[in-house]
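# Coordinate inspection notes
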Amino acid sequence: MRRLSFLGKMKMNRPTILTGDRTTGPLHIGHYAGSLANRLRYQDSHELFLLLADTQALTDNAHAPEKVRRSVIEVALDYLAVGIDPNRTTICLQSHLPPLAELSMLYLNFVTVARLERNPTIKDEIRARGFGRDIPAGFLCYPAAQAADITAFKATIVPVGEDQTALIEQTNEIVRRINATAGKTILPEAQAVIPQFGRLPGVDGKAKMSKSSGNAIALSASPEAISAAVKAMFTDLTHLRIEDPGQVEGNVVFACLDAFDEDPATLEEMKAQYQRGGLGDGRIKRRLDDILQALIGPIRTRRAELAEDHAYVLDVIRSGTEKARSRTEVTKREVVEGLGLFVL
Ligand code: TRP
């Protein structure tokens, strides 16, 4: 029998992480600050699965399946361009993983409609989307589907934005009900990991940078688009002259510098000077522009190269999805058997 090397053993014991993105458009610097940078770090220490969540994207985009389809490649390109390495990380496509859909259907019987309606994430999102009484059933039920995503991989760590913690809580409720019904621990509970830099505000000063609000800087943005966005960035309406004291709080330029400036000492000095008065918006914007050009430049180049090699990108998604399929198929069978259902 072949002995496992130390590294091999370490590899086997790495905790499993599942996270992912709805495929609704190319990713932006808010995704980079909030999640992509952390994922790069997880690639060696954890077994990392990234889900291209196209089925979930459809829950509030049924009117735009074409956008959801196109965005699968866009998001995959973004992953690869920032340095997600398909040899270490599994990139997989939600709609092509039948065990996720099968587990979703099972889990829907272990959650009530009232509980789904009470989920704070869902409540907020329903309000934000203005669904009124016309809530798509798929949307209301997506917490059960996300529970299926997470548990199918037996992920114990789920890095997500703060707005998603209620979904992880609901996942764990379902896990406990399944395990209690089975009379044994089939599924592990998952822990949400919230990024240090929470979320980046939009360039317009709105709480959240998002493509749909048109206030984002894409990871594929051209140099001119980056400069234009930085120039238009919301700073402080009362900071009219350079000598006026300015506000750092709520200032989008400083929020971005907090996330991307690698020289915190200089940044702190600049903040102090800005607050005292004497530091103009032009200076802080120029600094941010330089930093973002340096961050996005190589990503844009790499992304353009990859976009030329469609077959490679397809192959990455296809092989990742295949690997994820066998993995999630095992979990589905364990759940079906554990619940004591008929197995052919
Ligand atoms: N809900 C996540 C988002 O809005 C995407 C997602 C789908 C996800 N399934 C997941 C995240 C499972 C973490 C784990 O982007």
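For the structure, see preceding data.
First, a word on scope: everything that follows refers to the structure included in this document. (Residues numbered from 1 in each chain as written. Predicted model: local features only at pLDDT ≥ 70, side-chain atom pairs only at ≥ 80, totals over all residues. Heavy atoms only, no water.)

Counting its secondary structure elements, the chain contains 15 helices and five strands. Relative to the 2.2 N^0.38 estimate, which gives 20 Å for 344 residues, the radius of gyration of the chain is 22 Å and therefore close to what a compact globule would have. With respect to the principal axes defined by its C-alpha atoms, the chain has extents near 75 × 55 × 35 Å. Burial status across the chain gives 50% buried among its 344 residues. With an accessible surface of roughly 17,400 Å², the chain has 54% of that area assigned to carbon and sulfur atoms. Side-chain charges in the chain split into 43 positive and 43 negative, and the spacing between the mean points of these groups amounts to 4 Å. (Helix = DSSP H or I, 4+ residues; strand = E, 2+ residues; numbered from the N terminus. Rg over C-alpha atoms; globule rule 2.2 N^0.38 Å. Buried < 20%, exposed > 50% of the residue type's maximum accessible area, 1.4 Å probe, protein only. Areas by Shrake-Rupley, 256 points an atom, 1.4 Å probe, with all protein chains shown as cover. Lys, Arg positive; Asp, Glu negative; His and termini not counted. Charge placed at Lys NZ, Arg CZ, Asp CG, Glu CD.)

Below, the discussion takes up the packing of helix H5 (residues 98–107) against helix H9 (residues 142–152). Where H5 contacts H9, the two axes come as close as 8 Å, and the packing angle between them is 125°. Judged by the inter-axis angle, H5 sits oblique to H9. Here H5 and H9 pass one another in a crossing that is right-handed. Residue-level inspection shows Leu100, Leu103, Ser104 and Tyr107 of H5 in contact with H9, the latter providing Ala144, Ala145, Ala147, Ala148, Asp149, Thr151 and Ala152. (Axes fitted to C-alpha atoms, helices over the stretch in contact; angles between N-to-C directions. Parallel < 35°, antiparallel > 145°, perpendicular 65-115°, else oblique. Left-handed = near helix turned anticlockwise from the far one by under 90°. Contact = heavy atoms within 4.5 Å.)

The subject of this paragraph is the site of the ligand. In the vicinity of the ligand there are 14 residues, among which Arg22, Gln56, Gln146, Asp149 and Gln164 approach most closely. The contact in question runs from an oxygen atom of the ligand to an N or O atom on the side chain of arginine 22, over 3.5 Å. Within the side chain of glutamine 56, an N or O atom sits 2.8 Å from a nitrogen atom of the ligand. Contributing elements (two or more residues each) for the shell around the ligand: strand S1 (16–22), strand S2 (47–53) and H9. For the shell around the ligand, a count of residues per class yields six nonpolar, five polar and three charged. (Near = heavy atom within 4 Å. Polar contact = N/O pair within 3.5 Å; in protein donor to acceptor, adjacent residues only side chain to side chain. Nonpolar A, V, L, I, M, F, W, Y, C, P; charged D, E, K, R; others polar.)

Attention shifts here to the nonpolar core. Counting 57 residues, the largest nonpolar core has Ile29, Ile217 and Phe260 as its most contacted members. At nine residues, helix H4 (residues 65–82) tops the list of elements feeding residues into this core. Ranked by size, the runner-up nonpolar core spans 40 residues in total, among them Phe139, Ala182, Leu187 and Val335. (Core = buried A, V, L, I, M, F, W, Y, C linked by side-chain atoms within 4.5 Å.)

This part is about the packing of aromatic side chains. All chains considered together, the criterion is met by five aromatic pairs. When the ring of phenylalanine 49 is compared with that of phenylalanine 153, the centres are 4.7 Å apart and the planes differ by 45°; the resulting orientation is tilted. Of this pair, phenylalanine 49 sits in strand S2 while phenylalanine 153 sits in the loop between H9 and strand S4 (157–159); the two residues are 104 residues apart in sequence, bridging distant segments of the chain. Through a chain of ring-to-ring contacts, the aromatic side chains of Phe131, Phe139 and Tyr142 assemble into a single cluster. If you follow arginine 22 out to its NZ or CZ, it ends over the ring of tyrosine 142, 4.6 Å from the centre. (Phe/Tyr/Trp six-rings, centres within 6.5 Å; stacked < 30°, edge-to-face > 60°. Lys NZ or Arg CZ within 6 Å of the ring centre and 35° of its normal.)

Attention now moves to the pairing of S2. By the criterion of burial, S2 is predominantly enclosed, with seven of the seven residues buried. Alternating positions in S2 separate into two faces, Glu47, Phe49, Leu51 and Ala53 on one and Leu48, Leu50 and Leu52 on the other, with burial throughout. Examined bridge by bridge, S1 and S2 share seven bridges and lie parallel to one another. Its bridge partner being in S2, aspartate 21 is matched across the sheet by leucine 52. For the crossover that starts at S1, traverses helix H2 (residues 29–45) and ends in the parallel S2, the hand is right-handed. Bridge count for S2 against strand S3 (residues 89–93) is five bridges, and the pairing is parallel. Pairing of leucine 50 across the sheet is with isoleucine 91, part of S3. (Pairing = 2+ DSSP bridges. Right-handed = clockwise from strand over helix to strand, strands pointing away.)

Attention now moves to helix H12 (residues 252–260). Burial within H12 is extensive, with seven of its nine residues counted as buried. Those residues of H12 that sit buried are Val252, Val253, Phe254, Cys256, Leu257, Ala259 and Phe260. Lining the buried residues of H12 we find H2, helix H13 (264–276) and helix H14 (281–308). Taking the backbone nitrogen of valine 253 as reference, a side-chain oxygen 3.1 Å away marks asparagine 251 as the first, capping residue of H12.

Turning our attention to the environment of leucine 314. Inspection of the secondary structure assignment puts leucine 314 in helix H15 (residues 310–338). The exposure class of leucine 314 is partly exposed, given its relative accessible area of 30%. Residues leucine 314 and asparagine 215, spaced 99 residues apart in sequence, show a C-alpha to C-alpha distance of 30 Å.

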